[in-house]
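Given next are the chains, with one letter for each unit.
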Amino acid sequence: MAVDPSPSTWSDRFEQGLHPAIERFNASIGFDIALLQEDLDGSIAHARMLGCCGVITTAEAERLIEGLEAIRVEAAAGSFNPGIEAEDVHFAVERRLIELLGPLGKKLHTGRSRNDQVGTDLRLWLRRRIDAVDAGLVRFERALLAQAEAHADTLIPGYTHLQRAQPVCLAHHLLAYVEMAERDRQRLADVRRRVNICPLGAAALAGTSVPIDRRQTAAELGFEAIYANSLDAVSDRDFTVEAMAALSLVMVHLSRLAEEVILWASEEFAFVGLTDRCATGSSLMPQKKNPDVPELVRGKSGRVFGHLMGLLTMIKGLPLAYNKDFQEDKEALFDGVRTCLDCLEAMAVLFEEGLVFRPARLEAAVAADYSNATDVADYLVARGVPFREAYQLVGGLVKACLREQRLLAELPLERWQELHPSFEADIHAAIAPRQVVAARRSEGGTGFDRVAEALQRARGRLGGATAAPLHE
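All figures in this text were calculated on a predicted structure; none of them were measured in a lab. (Residues numbered from 1 in each chain as written. Predicted model: local features only at pLDDT ≥ 70, side-chain atom pairs only at ≥ 80, totals over all residues. Heavy atoms only, no water.)

(A) Up close: the packing of helix 4 (residues 58-77) against helix 5 (residues 89-101). For the pair helix 4 and helix 5, the least separation of the axes is 10 Å and the interaxial angle reads 115°. One element, helix 4, and the other, helix 5, form an angle in the roughly perpendicular class. When the axes of helix 4 and helix 5 are compared, the crossing they make is right-handed. Along its contact with helix 4, which presents Arg63, Leu64, Gly67, Leu68, Ala70, Ile71 and Glu74, the element helix 5 presents Val93, Arg96, Leu97, Leu100 and Leu101. For the contact of helix 4 with helix 5, the class distribution of residues is eight nonpolar, one polar and three charged. (Axes fitted to C-alpha atoms, helices over the stretch in contact; angles between N-to-C directions. Helix = DSSP H or I, 4+ residues; strand = E, 2+ residues; numbered from the N terminus. Parallel < 35°, antiparallel > 145°, perpendicular 65-115°, else oblique. Left-handed = near helix turned anticlockwise from the far one by under 90°. Contact = heavy atoms within 4.5 Å. Nonpolar A, V, L, I, M, F, W, Y, C, P; charged D, E, K, R; others polar.)

Below you can see the structure in the form of structure tokens.
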């Protein structure tokens, strides 16, 4: 029997084809072709299950699987290129299977709908991309860890309100972003658990009368569970929102660090220098070296945030069960994941070989301000002076020093003792920047001993750093 090479997507219920403009508007093949491998995986599992359940013969199931694998080979060779007439990747695969196998190919869709099929494909796709983002986060963390290990003894001004606050260890500062990235990994792992639930077999919305085994396909595809409610199975897109929210927080953390690098690379800060590997120049000003990588990361964060809002808005008014609106989840998810992966790689490269910290400049910065004022108050507190009284005394002293254009470290002992008799000759050593940092021994603090412990914990989690950072 001859096989129609271009079977209609729809039943004989329809008398006319789509208007060309509506066909273009309706089609998703231009972007959901990205789900091809997942669609083949899901279809192979479905075919095998149909054979095991006796819905089709074992021989028919094997032939369907062979046909699907042939399409995979064609795709790898670049010869599987469905056009807009295919509408989406799911029908494109089915149509090609019918071309390859004849009427047998028409049996593949038994017991399923494109509604549960697309939900399955998207979860398989996202599951793999979550794993890729996790790997990107690990590389990014290792790049930070390498810099932190190289600068476990380097100081940097610590800021609140972007005003000099207290000196900290540079490694401590960098490890704060490692902690953020670890939370990102935890969030993604949590999202992955909810992604890893299989909707296949829910069919269009109500399940199917075909005697299928949903748990067999779920197990073959690596899902941990199946949806308990068929309506929920085909209409749930919570996992896309959760994933985009987790990716948005990754981008928040990358953007915060990017902003710091931009500031550090300015001539006003001059805490880091940019290498030629990760910076560009100006088309007009020959002296310029621009921090393009962190600027782009900072800018692209808004793109991912926008996708999150788009997904929330798309879902918020949808009645049960499946609606065509769900087609809009893919481009947002695809672009959000790709953007996040690109930014993670770019920031990892930046810290691996794109910037050089300037310890001498950093050392000079922490020695030239009043960020040791709190330590003067702590000095008095250790000698029995109430903190609020010590706080007021030191505040007045800083005001006087500003007027005199002198640093606290430049005051003679007599001046200290005029302020309060508890001051002794060791005050100068107590407020030296390196001692100020070393004294922060509280758990989680910036003291060098605590930082060494934090570095050891990070090495244990990440298996050590991967590349030695550049030095000036």
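Structure's up, so let's keep going.
(B) The arrangement of the packing of aromatic side chains in detail. Evaluation of the coordinates by the stated rule reveals eight aromatic pairs. Aromatic side chains Tyr379 and Phe423 sit 5.4 Å apart centroid to centroid with 10° between the ring planes, which places their arrangement in the stacked category. One end of the pair, Tyr379, is in helix 14 (residues 373-381); the other, Phe423, is in the loop between helix 16 (413-419) and helix 17 (427-430), and 44 residues separate them in sequence. You'll find Tyr379 and Phe423 in the same group, each marked buried. Through a chain of ring-to-ring contacts, three or more aromatic side chains come together here, namely Tyr159, Phe269 and Phe271. Sitting above the plane of the Tyr379 ring, Arg383 keeps its charged end 3.5 Å from the centroid. (Phe/Tyr/Trp six-rings, centres within 6.5 Å; stacked < 30°, edge-to-face > 60°. Buried < 20%, exposed > 50% of the residue type's maximum accessible area, 1.4 Å probe, protein only. Lys NZ or Arg CZ within 6 Å of the ring centre and 35° of its normal.)

(C) Representation of the pairing of strand 2 (residues 163-169). As defined by bridge partners, strand 1 (residues 155-160) adjoins strand 2 across six bridges and the pair is classed as antiparallel. Directly across from Ile156, in strand 2, lies its bridge partner Val168. Where strand 1 folds back onto strand 2 in an antiparallel hairpin, the turn is made up of two residues, including His161, whose phi is positive at roughly 60°. (Pairing = 2+ DSSP bridges.)

(D) Main features of the pattern of salt bridges. Counting across every chain of the model gives 42 salt bridges. As a salt-bridge pair, Arg114 and Asp88 come within 2.3 Å of each other at their nearest N and O atoms. You can see Arg114 sitting in helix 6 (residues 114-150) and its partner Asp88 sitting in the loop between helix 4 and helix 5, a full 26 residues away along the chain. With a relative accessible area of 6%, Asp88 lands in the buried category. Salt bridges here are not isolated pairs; linked through shared partners, they connect Glu38, Asp41, Glu69, Arg72, Arg128 and Arg129. (Salt bridge = Lys/Arg side-chain N within 4 Å of Asp/Glu carboxyl O.)

(E) Looking closely at helix 6. When the terminal C-alpha atoms of helix 6 are compared, their 54 Å separation across 37 residues agrees well with the 54 Å that a helix rising 1.5 Å per residue should span. Most of helix 6 sits inside the fold, with 27 of its 37 residues counted as buried. (Expected span 1.5 Å × (residues − 1).)

(F) Focus on the packing of helix 6 against helix 12 (residues 328-354). The interhelical angle for the contact between helix 6 and helix 12, taken along N-to-C directions, is 15°, at an axis separation of 8 Å. Put simply, helix 6 runs roughly parallel to helix 12. The chirality of how helix 6 crosses helix 12 is left-handed. Its residues assigned to classes, the contact of helix 6 with helix 12 comprises 20 nonpolar, two polar and six charged.

(G) View of unusual backbone geometry. Following Leu320, the chain continues into Ala321 via a peptide bond in cis, with omega recorded as 10°. Inspection of the secondary structure assignment puts Ala321 in the loop between helix 11 (292-315) and helix 12. Its identity as a non-glycine residue notwithstanding, Ala270 has a phi of 55°, on the positive side. Inspection of the secondary structure assignment puts Ala270 in the loop between helix 10 (238-265) and strand 5 (272-274). On the accessibility criterion, Ala270 (16% relative accessible area) is buried.

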